[in-house]
Amino acid sequence: EFLGMMSHELRTPITVIRGGARVLRSRATLLDDETRDGLLSDIERESERLSRMLENLLALARAELDREVILEPVLLHRLLPKLIEAQGAGAGRQVRFATEGAMHAVAAEAGYIEHIVRNLVGNAMKYSPPAAPIDVVLAGCDEGATIRVMDRGFGIGEGEASRIFERFYRSDRTSRLAGGAGLGLAVCKRLVEAMSGEIWAKPREGGGLEVGFSLPTYQEEIDV
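Residues numbered from 1 in each chain as written. Predicted model: local features only at pLDDT ≥ 70, side-chain atom pairs only at ≥ 80, totals over all residues. Heavy atoms only, no water.

Enquirer: Please clarify how the sheet that holds strand β6 (residues 198–203) should be interpreted in this entry.
Expert: One key point about sheets: their strands pair by backbone hydrogen bonds, in either a parallel or an antiparallel sense. With mixed pairing, the 5 strands of this open sheet are ordered in space as β2-β4-β5-β7-β6. Whereas interior strands pair on both sides, the edge strands pair on one side only; in this sheet they are β2 (95–101) and β6. For this sheet the average axis-to-axis angle between neighbouring strands, irrespective of direction, equals 15°. Where strand β5 (residues 144–150) and strand β7 (residues 209–216) come together, 7 bridges link them in antiparallel fashion. Counterpart to I147 in the pairing with β7 is F213. With respect to the sheet, helix α3 (residues 76–91) is in contact with β2, β4 (134–141) and β5, its orientation differing from that of β2 by roughly 165°. On top of the sheet, helix α5 (residues 184–194) reaches β6 and β7; it is set at about 140° to β6, its chief contact. (Pairing = 2+ DSSP bridges. Helix = DSSP H or I, 4+ residues; strand = E, 2+ residues; numbered from the N terminus. Axes fitted to C-alpha atoms, helices over the stretch in contact; angles between N-to-C directions. Contact = heavy atoms within 4.5 Å.)

Pasting the structure below:
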C-alpha cells in the first residue's frame, strides 16, 4: 500500500518538473515571459511538494526508529513566533500568532515541534482561501501548553475528526484542492505521541478547521 501510494504521488511532481525543464532547455528563447514564468512556478511548486513529502517520510522513519525520544525543556513562546512569521511570509499569507495564559517550558523535542507546526500551518494554507488569515494560538497553564492552528477552509465532515490522522487518508471534501500523500497529519500524530502529548481536530466555530496539540510541562528530575 505504501509503495503504491508513494509511487503515485511522486509521479505527478516528477513529470511536471521534468517536462518543464525540458521545455525551458529546448525552447526558452522562443517562449514569452508569461509562459516562461508559469513553467518556473510549476517547477518550484512541485519541487516544494517533493520536499514536503521527503521531510514527512524522514520524520516518520525517525519517530519509528527512535526507541526513546530525549525530551528537553522548550519555551514555545520563544520558538514559535519566528518560525510562524517566516512560513507565512514565504507563502505570502497572513498568519496571526497569539499567546494566552502563563508560559512554562514544556517537555519536548524542538525539532519535532517545528516539523509539526510547519505541517499544520502548511495544511491550513493549502485548504483555505488565500485571503483568509490563519490563526495560531499558544495557550499555557501549569500543566502544560496547547498550540491550535485555525483556518477558514472547508473543514471536515462528520466522523472525520480522527480519520484525518490515519496514514494515506485524504478527505473527499479537500482532496481535489491540493495534492498530497496523506502523510502530514499522520506524522504529526506520531511525533506528538512520542512526546507524550495529544492531538485533535474539530470544526471551527464560524467555519473552518481547528487542529491542535498539547504537551506537558517539563518536570526537572531531582536525584535523591
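Enquirer: Would you explain the pattern of salt bridges in this entry?
Expert: In a structure, side chains of opposite charge can pair up when their charged atoms sit close to one another. Within this structure, the stated rule accounts for 7 salt bridges. With its nearest N and O atoms 2.4 Å apart, the salt bridge here joins R36 to D33. In this pair, R36 and D33 both sit in helix α2 (residues 33–65), 3 residues apart, roughly one turn of the helix. On the basis of relative accessible area, R36 is assigned to the partly exposed category, the value being 24%. A residue is classified by how much of its surface remains accessible, and D33, at 52% relative accessible area, is exposed. With a shortest N-O distance of 2.6 Å, K189 and E193 are connected by a salt bridge. Note that K189 and E193 are positioned in helix α5 at a spacing of 4 residues, about one turn of the helix. Judged by its relative accessible area of 41%, E193 falls in the partly exposed class. (Salt bridge = Lys/Arg side-chain N within 4 Å of Asp/Glu carboxyl O. Buried < 20%, exposed > 50% of the residue type's maximum accessible area, 1.4 Å probe, protein only.)

Enquirer: Got a minute to help me understand the environment of R62 in this structure?
Expert: Looking at the element boundaries, R62 is found in helix α2. A relative accessible area of 38% places R62 in the partly exposed class. Placed 129 residues apart in sequence, R62 and L191 show a C-alpha to C-alpha distance of 9.4 Å. In contact with R62, other than residues within four places in its own chain, are E109 and Y112.

Enquirer: Mind showing me how you'd approach the nonpolar core here?
Expert: Generally speaking, soluble globular proteins have nonpolar side chains that are buried together. Core analysis: the largest hydrophobic core is formed by 42 residues, its most contacted members being L76, L80, I113, V117 and F213. Among the elements that line this core, the one with the most residues is helix α4 (residues 110–126), at 8 residues. If near-sequence neighbours (up to four positions away) are discounted, F213 is found in contact with I116, V117, L120, A145, T146, I147, V192, E198, I199 and W200. (Core = buried A, V, L, I, M, F, W, Y, C linked by side-chain atoms within 4.5 Å.)

Enquirer: It is not clear to me how the environment of E48 should be interpreted in this structure. Could you clarify?
Expert: Checked against the element boundaries, E48 lands in helix α2. Since its relative accessible area comes to 41%, E48 is described here as partly exposed. Along the backbone, E48 and P13 are 35 residues apart, and their C-alpha atoms lie at a distance of 9.3 Å.

Enquirer: Whenever I open this one, the packing of α3 against α4 confuses me. Can you help?
Expert: In helix packing, the relevant descriptors are the interaxial angle and the interaxial distance, both defined with respect to the helix axes. Where α3 meets α4, the axes come as close as 10 Å, and the angle between the chain directions of the two elements is 35°. As for the relative orientation of α3 and α4, their crossing is right-handed in sense. Of the residues in α4, those touching α3 at L76, L79, L80, L83, I84, Q87, G88 and A91 are A110, I113, E114, V117, R118, V121, G122 and M125. Among the residues forming the contact of α3 with α4, the class breakdown is 11 nonpolar, 3 polar and 2 charged. (Left-handed = near helix turned anticlockwise from the far one by under 90°. Nonpolar A, V, L, I, M, F, W, Y, C, P; charged D, E, K, R; others polar.)

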